[in-house]
Amino acid sequence: MSILVIAEHDNNEIKGATLNTIAAATKISDDITLMVAGSDCSSVISESQTLEGVTKILSTDDEAYKNFLAEDLSELVMSIATNYKYIMAPATTFGKNLLPRVSAKLDSQQISDIISVESEDTFKRPIYAGSCIATVKALDSIKVISVRATAFDPVGTSASDTVVEDLPALSSAGISEFVSEEIAKSDRPELTAANIVVSGGRGMQSGDNFHLLDSIADKLGAAVGASRAAVDAGFVPNDYQVGQTGKIVAPDLYMAVGISGAIQHLAGMKDSKVIVAINKDEDAPIFQVADYGLVQDLFVALPELDSKL
Amino acid sequence: MKILVPLKRVVDYNVKVRPLGDNSNVDLNNVKMSVNPFCEIALEEAVRIKEAGNADEVIAVSIGKTESQEQLRTALALGADRAILVESENLLEPLAIAKALVKIVEQESVDLIILGKQAIDGDNNQTGQMLGALLNYPQATNASEVVLDGSHVNVTREIDGGLQTLKLNMPAIVTTDLRLNEPRYASLPNIMKAKKKELSILPIADLGVDVTPRTELLSVESPPSRAAGVILETVDDLIDKLKNEAKVIS
């Protein structure tokens, strides 16, 4: 049973969620082809050759795929899709944007955001913002699956030299065009890849007060996140948001500071290994999921924590 | 220019959803139903485009049970000019919904389709992209800004780590993220006026699309709950636990 995994990368390096997606694929079959399409992406190809679990790499290095436009990339996937029984991609904004286009063209009902592989056609996935877990059987002959990265441990690397085949580029549909991109630059690790995440909520009271978290994050090598309430209040930019509609994280340590713990927020972080909650409201729902709770005013607790780390 | 806004009737955002006792599905008995929040944002954007003089008509469409008329009336009160219910007794999967929407897009010859990025029940995040694929239209998902520019639409999208701007040929598909706009509330006069607006009902069978289920729901369970933790007294206790018990900091 052959599987095609579509790699997410930035033409420079492979994105971590791709490794989790390959890991999910290995639970179905050991016949895994990784498709790497981009532009000037030879370093991604070399990196892909070292990934465990991958039996073959299909590479397309062409200007047309520089910005990974879903219209063009889905056509490229379609040029080989029927050779496979499964088409898989990470459930990141990249995969969410691309994969349903492939699924519709294959006349297959995609299974989104799987968190476990129960059998070759049965998967578990969260619904209703993680309030419930559905077990779903896919009946289509080609199964199109997006993978929640935090639910699978990434595959490792080895010195293997996986065979690379060229996949010819197609001409662009020419219906959409990349204009620009603004990627936030930070010295801190990326939220979804960080081992430690320190998040602030409405209790932070202002964007300026986030410097209290920044300082702790720097000492711990952590990423800084936020609840939807803090983002909606304009304290921090959109890409800080952890939650069902923001980023899904599962670090070793998640510190929720001044966050009440709405279900939408919990959906984005409750798979973290250790959860710490700091909140002056002892009835805040966040304490129900926290391993360690501190009922204190964050404006007292944070400076003390900062000075003692 | 015509804008089509597909919208979905879903469990209200504030309802805590639980599995049924026999774990066969989620328990939706006597819960409050609403317009999916992302669909409300989509409708608001369409209405603003029309109010700015850049569109002639905003059509709301829902594919679902007869009760979805309530949500379509809400859409009419929020500024849609008319509404279409494609009536289906069964809850349809995104692929089937996209196929039905293709027929509506073709019948109405719309120029722009704005949808929510996902519905908060199934959390699939598929319908807009599937519709784009079936129609061979360009798409911009997770929109945080939509700017019309003649026969094009420029859309800024929220992507992992930042923002991306795309220029799409129209007709085009846009799916909305949370911060595209803040939807208005329906005023009482507009709710009254909405009762007189056109709401046509079309049986799904008339569209001639294949809506056979492609998945089978085997069970629905509550997620594993985390064991209750401990409440600590001091910051020193916290640092001690993190270092020596959890061993997550050094």
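Model, not experiment: these values are computed from the prediction.

Draft legend 1. Structural context of the overall build of chain B. Assigned secondary structure in chain B consists of six helices and 13 strands. For chain B, the spread of C-alpha atoms along the principal axes amounts to about 65 × 45 × 40 Å. A total of 250 residues make up chain B; the buried ones form 46% of that total.

Draft legend 2. The arrangement of the interface of chain B and chain A in detail. On the side of chain A, 67 residues touch chain B, which itself brings 62 residues to the contact. Breaking the side of chain B that touches chain A down by element, the ones donating at least two residues are helix H3 (94–108), helix H4 (127–135), strand S7 (139–149), strand S8 (152–159), strand S9 (162–169), strand S12 (215–221), strand S13 (230–232) and helix H6 (235–245) of chain B. For the side of chain B that touches chain A, the element with the most residues is S9(B), which contributes eight residues. The sheet contact formed by strand S8 (residues 132–138) of chain A and S12(B) spans six bridges and is antiparallel. Residue pairing for S12(B): Lys137(A) is matched across the bridge by Glu216(B).

Draft legend 3. How the structure looks around the sheet that holds S8(B). The strand order S11(A)-S9(B)-S8(B)-S7(B)-S10(B)-S6(B)-S1(B)-S4(B)-S5(B)-S11(B) describes an open sheet built from 10 strands, whose pairing is mixed. In this open sheet, the two strands that pair with only one neighbour each are strand S11 (176–183) of chain A together with strand S11 (199–203) of chain B. Strand-to-strand, the axes of this sheet are offset by a mean angle of 25°, without reference to chain direction. Direction of pairing for strand S4 (residues 57–64) of chain B relative to strand S5 (residues 82–87) of chain B: parallel, over a ladder of six bridges. If you follow Ile59(B) over to S5(B), its bridge partner there is Arg82(B). Against the sheet, H3(B) makes contact with strand S1 (2–6), S4, S5 and strand S6 (112–116) of chain B, and its axis sits at roughly 160° relative to S1(B), the strand it touches most.

Draft legend 4. Highlighting helix H8 (residues 298–308) of chain A. Among all positions in H8(A), only Leu298(A), Ala301(A), Leu302(A) and Leu305(A) are buried. Down the axis of H8(A), the sector holding all buried residues measures 95°, keeping them to one side. In H8(A), the exposed positions that point more than 90 degrees away from the buried face belong to Val300(A), Ser307(A) and Lys308(A). Where the residues of H8(A) are buried, they touch helix H5 (211–220), strand S14 (253–257), strand S15 (274–278) and strand S16 (292–294) of chain A together with H6 of chain B.

Draft legend 5. Structural view of the sheet that holds S8(A). Strands sit in the order S6(A)-S7(A)-S8(A)-S12(B) across an open sheet of four strands; the sheet is antiparallel. Strands at the two margins of the open sheet, each flanked by one partner only, are strand S6 (116–119) of chain A together with S12 of chain B. Averaged over all adjacent pairs, the angle separating strand axes in this sheet is 30°, with direction ignored. Pairing of S6(A) with strand S7 (residues 122–127) of chain A involves three bridges; the strand directions are antiparallel. If you follow Ser116(A) over to S7(A), its bridge partner there is Lys124(A).

Draft legend 6. Structural view of unusual backbone geometry. At the junction of Met170(B) and Pro171(B), the peptide bond is cis and its omega measures out at 0° in the coordinates. Tracing the backbone shows Pro171(B) in the loop between S9 and strand S10 (172–176). Within the chain, Asn11(A) stands out as a residue other than glycine whose phi angle is a positive 75°. Tracing the backbone shows Asn11(A) in the loop between strand S1 (2–6) and helix H1 (16–26). Asn11(A) sits in the partly exposed class, given 17 other C-beta atoms within 10 Å. You will see that Asp107(A), though not glycine, has its phi angle at about 55°, which is positive. Looking at the element boundaries, Asp107(A) is found in the loop between helix H4 (93–105) and strand S5 (111–114). Of the residues examined, Asp107(A) has 14 C-beta atoms within 10 Å and is grouped as partly exposed.

Draft legend 7. Looking closely at the environment of Leu19(A). All names here are of chain A. Checked against the element boundaries, leucine 19 lands in helix H1. The class of leucine 19 is buried, set by 22 C-beta atoms lying within 10 Å. Separated by 14 residues in sequence, leucine 19 and valine 5 have C-alpha atoms that sit 10.0 Å apart. Beyond its immediate sequence surroundings of up to four residues, leucine 19 is in contact with Leu51, Pro154 and Val155.

Draft legend 8. How the structure looks around the packing of H5(A) against H8(A). Residue and element names in this part refer to chain A. With their axes 10 Å apart at the nearest point, H5 and H8 run at an angle of 25° to one another. Compared by their axis directions, H5 and H8 come out roughly parallel. Seen from above, H5 lies across H8 with left-handed handedness. Here Leu212, Ser215 and Ile216 of H5 come into contact with H8, specifically with Leu302, Pro303, Leu305 and Asp306.

Draft legend 9. Structural context of the environment of Thr165(B). Position of Thr165(B) relative to the elements: it lies in strand S9. Here Thr165(B) falls in the partly exposed class, since 18 other C-beta atoms lie within 10 Å of it. Taking the C-alpha atoms as reference points, Thr165(B) and Val146(B), separated by 19 residues in sequence, lie 9.6 Å from one another. Sequence-distant contacts of Thr165(B), defined by excluding residues within four places in its chain, comprise Val179(A), Ser180(A), Asn154(B), Val155(B) and Thr156(B).

Draft legend 10. Structural context of the nonpolar core. Of all hydrophobic cores here, the largest spans 122 residues; its most connected members are Val5(A), Ile22(A), Met88(A), Val198(A) and Val276(A). The element best represented in this core is H1(A), accounting for six residues. Residue contacts for Val276(A): discarding those within four places in its chain leaves Leu253(A), Met255(A), Ala256(A), Ala290(A), Asp291(A), Tyr292(A) and Leu238(B). If you look at the next biggest cluster of nonpolar residues, it comprises 60 residues, including Val5(B), Ile49(B), Ala100(B) and Ile104(B).

About the criteria used
Residues numbered from 1 in each chain as written. Chains lettered and ligands numbered in written order. Predicted model: local features only at pLDDT ≥ 70, side-chain atom pairs only at ≥ 80, totals over all residues. Helix = DSSP H or I, 4+ residues; strand = E, 2+ residues; numbered from the N terminus. Buried ≥ 20, exposed ≤ 12 C-beta atoms within 10 Å, placed from the backbone. Contact = placed C-beta atoms within 7 Å. Pairing = 2+ DSSP bridges. Axes fitted to C-alpha atoms, helices over the stretch in contact; angles between N-to-C directions. Arc of directions from axis to C-beta. Parallel < 35°, antiparallel > 145°, perpendicular 65-115°, else oblique. Left-handed = near helix turned anticlockwise from the far one by under 90°. Core = buried A, V, L, I, M, F, W, Y, C linked by C-beta atoms within 7 Å.

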